[in-house]
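# Commentary on secondary and tertiary structure
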Amino acid sequence: MMAMARVPEPEVMDGDLEVRAYRQADFRAVNLTCARRALRAADRAGAGSEGRAIDLGTGPAEIPILLCELAPGWRVTAVDASRPMLEAARWNVERAGLASRIRLVQGDAKRLRGLRRRFDLVLSNSLLHHLEDPAPFWREVRRLARPGGAVLVQDLFRPASRAEARRIVARHAGGESRLLRRLFYRSLLAAFSPEEVRFQLRVAGLGALEVRRVSDRHLVVRGRVRP
Ligand SMILES: C[S@@+](CC[C@H](N)C(=O)[O-])C[C@H]1O[C@@H](n2cnc3c(N)ncnc32)[C@H](O)[C@@H]1O
């Protein structure tokens, strides 16, 4: 059977309704799992109790906040291209009392030339599927990680069919607003398959990273950037 073709979606989330719907949704369980996975990846890469992470496409900064709560010695640079998302992030970071450890940066994760620092951990959740062309994103992931640094990128993967995408939306977002269910469905159609992600990584010189399906809808890319 032919795999379902990808239907890209708009890259930056800056519509008011979209931002509000995303902020109001409860992603805590997925976000907490992602923060824990990121810290385990950093641990395996030899990071100690103190470290620097960068979160690409941070949205409302919920993952940096969880990461800082789990690991009090860590600091995070949290990047998003959307001004309204960063406003939501600022509000959340201040409410969590973490403004001294989470730096918010408005920028395009595909070209962050102003950021020269190398990070112990490069992290991203649910950004990859927004990108029409992911090649520059992976080049930035490679450039931003210190030699031997950890990478943890989590995203949706594309289901085999639209019918399967509809089933996934009903299973995991049946109680959410219509707008959020539509966004989720569109994101599933825009997502890459694990095979496509493996190909992207090989092209970017990141072929040593592992790609695994970790649920009925998520894949995880993890490992270390070769020194
Ligand atoms: C689905 S949200 C995920 C937010 C967050 N990572 C989370 O898991 O809650 C995707 C985010 O990526 C941002 N984004 C999309 N393209 C981007 C780009 N090229 N550079 C930086 N951020 C981008 C969007 O504005 C949006 O806030």
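The residue numbering used here restarts from 1 in each chain and proceeds along that chain's sequence as written. Predicted model: local features are reported for residues with pLDDT of at least 70 only, side-chain atom pairs are reported and counted for 80 or more only, and whole-chain, interface and lining totals are derived from all residues.

### Re the overall build of the protein
- A run of H or I in DSSP becomes a helix once it reaches four residues, and a run of E becomes a strand once it reaches two; helices and strands are each numbered from the N terminus. Looking only at helices and strands, the protein has 8 helices and 7 strands in total.
- In terms of overall size, the protein behaves like a compact globule, its C-alpha atoms giving a radius of gyration of 17 Å where 227 residues would be expected to give roughly 17 Å.
- In terms of principal-axis extent, the alpha carbons of the protein reach across some 45 × 40 × 30 Å.
- Here a residue counts as buried when 20 or more other C-beta atoms fall within 10 Å of its C-beta, as exposed when 12 or fewer do, and as partly exposed in between; the C-beta atoms come from the backbone. By residue count, 41% of the 227 residues in the protein fall in the buried class.
- For the protein, the proportion of contacts with a sequence separation of at least 24, taken over those separated by at least 6, is 75%. Based on C-alpha atoms, the radius of gyration is set beside the globule rule, defined as 2.2 Å times the residue count to the power 0.38. Each residue gets a C-beta atom placed from its backbone, and two residues are in contact if those atoms lie within 7 Å.

### Focus: helix H7 (residues 178-190)
- If you check H7, its first and last C-alpha atoms are 18 Å apart, about what 13 residues at 1.5 Å a residue would give, namely 18 Å.
- Leu-183, Leu-188 and Ala-190 are the residues of H7 that are buried. Viewed along the axis of H7, the buried residues span an arc of 165 degrees, placing them on a single side of the element.
- Looking at the packing, one finds that the buried side of H7 touches helix H1 (16-24), strand E5 (145-156) and helix H6 (162-173). Any helix carries an expected span of 1.5 Å times its number of residues minus one. Along the arc lie the directions from the helix axis toward the C-beta atoms.

### What about the site of the ligand?
- Taken together, 21 residues lie near the ligand, and Gly-57, Gly-59, Ser-82, Ala-109 and Asn-125 sit nearest.
- For the shell around the ligand, the secondary-structure elements that each account for two or more residues are helix H3 (62-70) and strand E2 (73-80).
- Its residues assigned to classes, the shell around the ligand comprises 9 nonpolar, 7 polar and 5 charged. The C-beta atom of each residue is placed using the backbone, and any residue whose C-beta lies within 6 Å of a molecule or strand is treated as near it. Each residue gets one of three labels, nonpolar for Ala, Val, Leu, Ile, Met, Phe, Trp, Tyr, Cys and Pro, charged for Asp, Glu, Lys and Arg, and polar for the others, Gly among them.

### Comments concerning the sheet that holds strand E6 (residues 210-213)
- With mixed pairing, 7 strands are arranged side by side in an open sheet as E3-E2-E1-E4-E5-E7-E6. Of all the strands in the sheet, the pair left with one neighbour each is strand E3 (102-106) and E6. Taken over all neighbouring pairs, the strand axes of this sheet differ in orientation by 15 degrees on average, direction set aside.
- Here, strands pair whenever DSSP counts at least two bridges between them. Across 7 bridges, the pairing between E5 and strand E7 (residues 218-224) is antiparallel. Bridging across to E7, Asp-155 finds its partner in Leu-219.
- Here helix H2 (residues 28-44) sits on the sheet in contact with strand E1 (50-56), strand E4 (119-125), E5 and E7, set at roughly 155 degrees to E5. The axes used here are C-alpha line fits, helices contributing only the stretch in contact, and every angle between their N-to-C directions lies in the interval 0 to 180 degrees.

### Some remarks on the pairing of E3
- Alignment of E2 against E3, held across 5 bridges, turns out to be parallel. Within the sheet, the bridge partner assigned to Ala-78 lies in E3 and is Leu-104.
- A clockwise path from the first strand over the helix to the second, with the strands pointing away from the viewer, defines a right-handed crossover. With respect to chirality, the unit in which E2 leads through helix H4 (residues 83-95) into the neighbouring parallel E3 is right-handed.

### Focus on the packing of H1 against H4
- At their nearest, the axes of H1 and H4 sit 10 Å apart, and the two run at 30 degrees to each other. As for the relative orientation of H1 and H4, their crossing is right-handed in sense. Here Asp-16, Val-19 and Arg-23 of H1 come into contact with H4, specifically with Pro-84, Met-85 and Ala-88.
- Its residues placed into classes, the contact of H1 with H4 shows 4 nonpolar, no polar and 2 charged. Crossings are classed by handedness, with left-handed meaning an anticlockwise turn of the near helix from the far one by less than a right angle and right-handed meaning a clockwise turn.

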